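What follows is the residue order along each chain.
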Amino acid sequence: MKLLTNSRLLRPLLLLRRQRSHDAKAAPKPGRPVPTGDQLDELERNVIVRHHRNNVPLIRSLIQEAEAGDQDKLFQLQAELEQLPNLTHPRLEDYGEEPRELANYVHRELPPQSSLKEFSELARALNLYRMDHLGNYTGHKSYYLTGQLATLEQALIQYALQAVTNHGFKLISVPDILPKEIIESCGMRTEGERTQVYKLDNGECLSGTSEMALAGFFANKQLQEEQLPLKVTAVSRCYRAETSGLQEEKGIYRVHQFTKVEMFAICTEEQSEAELEEFKNIEVDLFRRLGLNFRLLDMPPCELGAPAYQKYDIEAWMPGRQMWGEISSCSNCTDYQARRLGIRYRRSRDGKILNAHTINGTATAIPRLLIALLESYQRGDAIEIPAVLRPFLDDQELITRNKRIPETKLVKFIKA
């Protein structure tokens with residue numbers, strides 16, 4: 001078959017790959033890269049349970065046409081293969097569409113609901129925030145953080161960086177503009193009606209998270225097993241084109257750009273599950289020391305996106321909104337990203353070159369963390385500063401009304 005000479009085009013499908021140990025099927029033989037019907041059936045079941053676009057029937061058809069001699073179909077086949085999601089951890093198969101709550105952490109006793117205010121009301125009362133009447137020059141869903149709220153943002157960044165670097169993460173400063181190939185290799189679409197990616201006129205894109213730039217930094221690199229796990233972190237602006245009009249997601253809950261501290265690791269297959277647990281534990285400790293009330297969720301297949309094999313979310317209780325809001329997540333992407341980006345390592349015992357695994361996690365996503373903190377630490381006309389943040393704020397204990405930045409008021413223009 002002519003298709004055999006183009007097995008590189010089939011690798012996202014062919015090596016996707018391992019069945020569960022108790023139900024293992026024979027892997028494709030080196031001389032026969034074409035996936036079997038059973039393998040395609042398994043891929044289709046995975047696509048459906050993840051609520052992904054089901055393009056497996058089209059893949060079947062394209063394989064048949066390519067095997068019949070239509071080599072032009074190989075390029076279309078490659079594009080369709082790249083849209084397939086990662087496999088799903090067997091633990092998640094019976095979750096349905098709801099996450100499992102693994103733990104619920106309560107660190108603060110909140111005042112009566114009748115006295116609680118929502119973030120926007122608190123921040124405006126303290127003259128620390130502006131989001132209204134910005135459309136004429138900054139666009140929808142823009143915002144300004146001023147005075148002590150802007151300082152609190154920087155304190156959160158330094159707090160998170162101190163914590164993750166203490167766990168062996170090396171800080172890298174990353175670009176915000178990336179080639180679309182890097183973004184798509186990480187599992188985020190750059191085309192289509194519902195893409196979250198901002199595209200520039202030259203075809204490059206604004207990064208949705210520094211995970212993409214960190215992964216791209218290691219593209220086409222061959223590491224030694226002794227270097228792994230290799231853990232890095234970055235602070236960056238994140239750009240998301242799609243926002244929400246839901247009332248519960250008003251204000252800075254879902255915006256077009258925000259600051260985030262990201263954790264990223266490259267590791268071996270044997271290390272990846274333990275690394276994910278370390279990421280999860282770092283995040284839990286970060287928010288525990290901040291004194292927030294939050295819960296840890298194990299996410300179902302339909303919430304994994306394309307690249308994740310498994311994912312934990314952390315949601316904080318936002319008492320002013322009376323809702324749980326996601327403030328962090330971490331994912332094991334196995335070899336999904338590394339295979340596409342060419343991130344490999346040489347195994348020590350036999351010198352074999354293998355695809356690495358990648359892990360990512362959010363140490364801080366500033367806007368939502370500010371919402372959770374202000375709403376949880378409100379004290380009438382002031383905001384208490386968590387003890388762990390005070391060293392980054394000259395031991396300041398309270399945020400009070402900002403009188404330095406003038407308030408903006410709309411006035412009617414009167415002709416002379």
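Please read these numbers as outputs of a predicted model, since none were measured by experiment.

The rules we used
- Residues numbered from 1 in each chain as written.
- Predicted model: local features only at pLDDT ≥ 70, side-chain atom pairs only at ≥ 80, totals over all residues.
- Heavy atoms only, no water.
- Helix = DSSP H or I, 4+ residues; strand = E, 2+ residues; numbered from the N terminus.
- Contact = heavy atoms within 4.5 Å.
- Areas by Shrake-Rupley, 256 points an atom, 1.4 Å probe, with all protein chains shown as cover.
- Buried < 20%, exposed > 50% of the residue type's maximum accessible area, 1.4 Å probe, protein only.
- Polar contact = N/O pair within 3.5 Å; in protein donor to acceptor, adjacent residues only side chain to side chain.
- Core = buried A, V, L, I, M, F, W, Y, C linked by side-chain atoms within 4.5 Å.
- Pairing = 2+ DSSP bridges.
- Arc of directions from axis to C-beta.
- Phe/Tyr/Trp six-rings, centres within 6.5 Å; stacked < 30°, edge-to-face > 60°.
- Axes fitted to C-alpha atoms, helices over the stretch in contact; angles between N-to-C directions.
- Parallel < 35°, antiparallel > 145°, perpendicular 65-115°, else oblique.
- Left-handed = near helix turned anticlockwise from the far one by under 90°.
- Salt bridge = Lys/Arg side-chain N within 4 Å of Asp/Glu carboxyl O.

### A word on the overall build of the protein
If you tally the helices and strands in the protein, you get eleven helices and 18 strands. Put simply, of all contacts in the protein between residues at least 6 apart along the chain, 71% involve residues at least 24 apart. Of the roughly 20,300 Å² of accessible surface on the protein, a fraction of 48% belongs to carbon and sulfur atoms.

### Re the environment of Pro179
One can find Pro179 in the loop between strand 5 (177-178) and helix 7 (180-185). Taking the C-alpha atoms as reference, Pro179 lies 8.8 Å from Leu206; in sequence the two are 27 residues apart.

### Some details on the environment of Asp313
Among the secondary structure elements, Asp313 is positioned in strand 11 (residues 310-318). Residue classification places Asp313 among the buried residues on the basis of a relative accessible area of 3%. The spacing of Asp313 and Glu101 is 212 residues in sequence and 9.6 Å in space, taken between C-alpha atoms. Contacts of Asp313, omitting those with residues within four sequence positions, involve Arg295, Leu296, Leu297, Met299, Glu326, Ser328 and Ser329. Reaching out from Asp313, the side chain makes a polar contact with the side chain of Lys311 at a distance of 3.4 Å.

### Quick word on the nonpolar core
Within the largest apolar cluster, 62 residues are counted, with the highest numbers of intra-cluster contacts made by Phe119, Leu149, Phe287, Leu290, Leu292 and Leu389. Element by element, the count of residues in this core is highest for helix 6 (residues 147-166), at ten residues. In contact with Phe287, not counting residues within four places along its chain, are Leu292, Phe294, Ile314, Ile327, Ser328, Ala363 and Leu369. The next biggest cluster of nonpolar side chains, apart from the first, holds 27 residues, and it includes Ile172, Ala219, Leu228 and Ala234.

### Here we look at unusual backbone geometry
The omega angle of the peptide bond from Leu228 to Pro229 is 0°, so this bond is cis rather than trans. The topology assignment puts Pro229 in the loop between strand 7 (222-224) and strand 8 (230-239). Phi at His51 is positive, roughly 60°, even though this residue is not glycine. Mapping His51 onto the fold places it in the loop between helix 2 (37-49) and helix 3 (56-67). In this structure, Asp395 takes a positive phi of about 60° despite not being glycine. Inspection of the secondary structure puts Asp395 in the loop between strand 17 (382-384) and strand 18 (398-399). Residue Asp395 is classed as exposed on the basis of its relative accessible area, which comes to 56%.

### Quick notes on the side chain of Ser120
Note that Ser120 resides in helix 5 (residues 119-125). In this structure Ser120 comes out as buried when scored by relative accessible area, which is 5%.

### Observations regarding the pairing of strand 8
For strand 8, the buried fraction is high: eight of the ten residues fall into the buried class. Looking at chain direction, strand 4 (residues 170-171) and strand 8 are connected through two bridges and run parallel. Looking across to strand 8, one finds that Lys170 is bridged to Val232. Two elements, strand 8 and strand 9 (residues 257-267), share ten bridges in a ladder whose sense is antiparallel. Bridge pairing in strand 9 links Ser236 to Lys260.

### Notes on helix 4 (residues 73-81)
Where helix 4 is concerned, the buried positions are Leu74, Leu77, Gln78, Glu80 and Leu81. Each buried residue of helix 4 lies within a common arc of 165° when the element is viewed along its axis, so the set occupies one face.

### Regarding the packing of aromatic side chains
The description of two aromatic rings rests on the distance between their centres and on the angle between their planes. The tally for this structure, following the rule as stated, stands at six aromatic pairs. On the basis of an interplanar angle of 80° and a centroid distance of 5.3 Å, the ring pair of Phe119 and Tyr129 is categorised as edge-to-face. Here Phe119, found in helix 5, pairs with Tyr129, found in strand 2 (residues 129-130); they are ten residues apart in sequence, far enough to count as distant. Overall, the relative accessible area of 6% leaves Tyr129 in the buried class.

### Brief notes about the sheet that holds strand 15 (residues 357-365)
With respect to topology, eight strands assemble into an open sheet ordered 1-10-11-12-15-9-8-4, the strand pairing being mixed. Because the sheet does not close on itself, it has two edges, and the strands there are strand 1 (100-105) and strand 4. The pairing of strand 12 (residues 323-332) with strand 15 spans three bridges and is classified as antiparallel. Following the sheet pairing, Ser331 is matched in strand 15 by Asn360.

### Thoughts on the packing of helix 3 against helix 4
Packing of helix 3 against helix 4 leaves a shortest axis separation of 9 Å and a crossing angle of 155°. Here helix 3 is positioned roughly antiparallel relative to helix 4, judged by the angle of their axes. The hand of the helix 3/helix 4 crossing is left-handed. Side by side, helix 3 and helix 4 meet where Leu58, Ile59, Leu62, Ile63, Glu65 and Ala66 of the first sit next to Lys73, Leu74, Gln76, Leu77, Glu80 and Leu81 of the second.

### Looking at the pattern of salt bridges
One pass over the structure, following the stated rule, counts 25 salt bridges. The closest approach of N and O atoms between Arg295 and Glu101, which form a salt bridge, is 3.5 Å. Here Glu101 lies in strand 1 and Arg295 lies in strand 10 (residues 294-298), a separation of 194 residues in the sequence. Look at Glu101 and you get partly exposed, because its relative accessible area is 43%. The shortest N-O distance in the salt bridge between Arg289 and Asp285 comes to 3.2 Å.

Read these as spatial facts, not as claims about activity.
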